[in-house]
Amino acid sequence: MPSPDYSSYSKLAVEAAKSAGKIAMEYYEKPASSFLIGAKDNPNSIVTKADRECEQCIRDYLSKKAPGTSFLGEEGGHTGSSELLWIIDPIDGTTNFANKVPLFAISIGLAAGTDLLAGAVFNPATGELFSASKGKGALLNGKQIKVAPKCGEGEMIVASDWPHEFPSRKIVSDFIAKQSQKRRYVPVLGTAALSLAWVAAGRFHAYCQPTLHEWDLAAGALLITEAGGRMTRWDNSAWKLGNADTIGSNGYFKV
Ligand code: IPD
């Protein structure tokens with residue numbers, strides 16, 4: 001039996017991400033003081049007017065085009081009761097965004113339970129748009145992407161990232177210290193969604209973060225598996241949506 005085609009959902013995610021991207025870029029051109037709202041539950045986790053407007057724009061668009069679906073958004077929480085769930089990070093990399101660093105992304109994934117079906121990651125500052133639907137591969141601006149081929153351990157580019165919480169940063173600083181002694185490079189972009197998309201595009205061999213939320217990774221995780229890579233937990237066991245400790249790789253990385 002042919003597997004269901006979810007590409008119409010990935011097209012919806014792409015359109016929603018593009019609309020939100022326009023809003024994000026209007027704010028990006030302005031002084032941050034005009035759109036910064038402040039810190040959320042953690043002093044390192046900030047929110048801006050752009051995050052809230054982008055999420056509303058995405059919710060409005062998707063509820064019109066895919067009526068009856070549910071939402072889980074970084075800013076608006078969980079709404080709806082359908083199993084078909086849009087998982088939204090309206091601006092992933094908000095600190096970069098507010099500081100005019102052009103590394104941030106709108107991330108929209110669609111899941112049924114822990115099954116990832118479709119998604120898009122869009123960086124409106126560069127115009128790079130990654131998309132995927134289950135069983136149909138992953139694309140960057142319409143062209144198929146693949147994870148990086150196998151290489152020597154010492155040639156690997158292994159990215160990581162700083163959680164907002166200080167105690168979890170200790171895990172990452174220990175990890176970066178170790179990896180930096182045996183890998184070619186250990187980048188930190190400041191956006192999980194984009195880092196996962198870059199693994200899918202073969203720019204990094206792995207991305208490892210111990211404390212991610214569903215909205216940081218739903219779309220990026222699908223991009224990686226559809227680009228031929230693998231998602232695991234930090235102990236190398238199988239990863240599923242809902243696990244915070246996350247490794248997205250080309251399939252040849254172990255901590
Ligand atoms: C954060 C970024 C960061 C990651 C954090 C996330 P936000 O998302 O993705 O790279 O390390 O864990 O919370 O707060 O900018 O949407």
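Anything mentioned here points back to the structure above.
The model shown is predicted, which means the values in this text are computed figures rather than measured ones.

What counts, and at which threshold
Residues numbered from 1 in each chain as written. Predicted model: local features only at pLDDT ≥ 70, side-chain atom pairs only at ≥ 80, totals over all residues. Heavy atoms only, no water. Helix = DSSP H or I, 4+ residues; strand = E, 2+ residues; numbered from the N terminus. Rg over C-alpha atoms; globule rule 2.2 N^0.38 Å. Buried < 20%, exposed > 50% of the residue type's maximum accessible area, 1.4 Å probe, protein only. Contact = heavy atoms within 4.5 Å. Pairing = 2+ DSSP bridges. Phe/Tyr/Trp six-rings, centres within 6.5 Å; stacked < 30°, edge-to-face > 60°. Lys NZ or Arg CZ within 6 Å of the ring centre and 35° of its normal. Axes fitted to C-alpha atoms, helices over the stretch in contact; angles between N-to-C directions.

**Observations regarding the overall build of the chain**
At step 1: Helix and strand content of the chain: 6 helices and 14 strands.
At step 2: Over its C-alpha trace the chain gives a radius of gyration of 17 Å, about what one expects of a compact globule, namely 18 Å for 255 residues.
At step 3: Taken across its 255 residues, the chain has 54% of its residues classed as buried.
At step 4: Taking the contacts inside the chain whose residues are at least 6 apart along the sequence as the reference set, 61% of them involve residues at least 24 apart.

**Some words on the pairing of strand β7 (residues 115-123)**
At step 1: Counting buried positions along β7 gives 8 out of 9 residues, so the element sits mostly inside the fold.
At step 2: Here 7 bridges tie strand β6 (residues 105-112) to β7, and the two strands are oriented antiparallel to one another. Note on β7: the bridge partner recorded for leucine 110 is alanine 118.
At step 3: Remark: 2 residues form the turn of the hairpin made by β6 and β7, two consecutive strands paired antiparallel; glycine 113 in that turn has positive phi of roughly 60°.

**Here's the deal with the packing of aromatic side chains**
At step 1: For the structure on display, the rule yields 8 aromatic pairs.
At step 2: Ring centres 5.1 Å apart and planes at 50° place the aromatic pair tyrosine 28 and phenylalanine 104 in the tilted group. Taken as a pair, tyrosine 28 in helix α1 (residues 7-28) and phenylalanine 104 in the loop between α3 (94-98) and β6 lie far apart in primary sequence, 76 residues in all.
At step 3: The exposure class of tyrosine 28 is buried, given its relative accessible area of 11%.
At step 4: A ring pair is formed by tryptophan 198 and phenylalanine 204, whose centres lie 5.6 Å apart and whose planes are at 55°; its orientation type is tilted. One exposure class covers both tryptophan 198 and phenylalanine 204, and it is buried.
At step 5: Aromatic rings pair up to connect Tyr27, Tyr28, Phe35, Phe97 and Phe104 into one cluster.
At step 6: A cation sits over an aromatic face here: lysine 100 above tyrosine 28, 5.5 Å from the ring centre.
At step 7: Residue placement shows arginine 203 over the ring face of tryptophan 198; its charged tip is 4.9 Å from the ring centre.

**Topic: the sheet that holds strand β13 (residues 230-232)**
At step 1: The strand order across the open sheet formed by 4 strands is β11-β12-β14-β13, and the pairing between neighbours is mixed. The sheet terminates laterally at β11 (158-160) and β13, the two strands that pair on one side only. Recorded for the sheet is a direction-independent mean angle of 15° between the axes of neighbouring strands.
At step 2: Bridge analysis of β13 against strand β14 (residues 246-249) gives 3 bridges, and the strand direction is antiparallel. Paired with methionine 231 across the bridge in β14 is glycine 248.
At step 3: Set on the sheet, helix α5 (residues 192-200) makes contact with β12 (206-209) and β14; between it and β12 the angle comes to about 150°.

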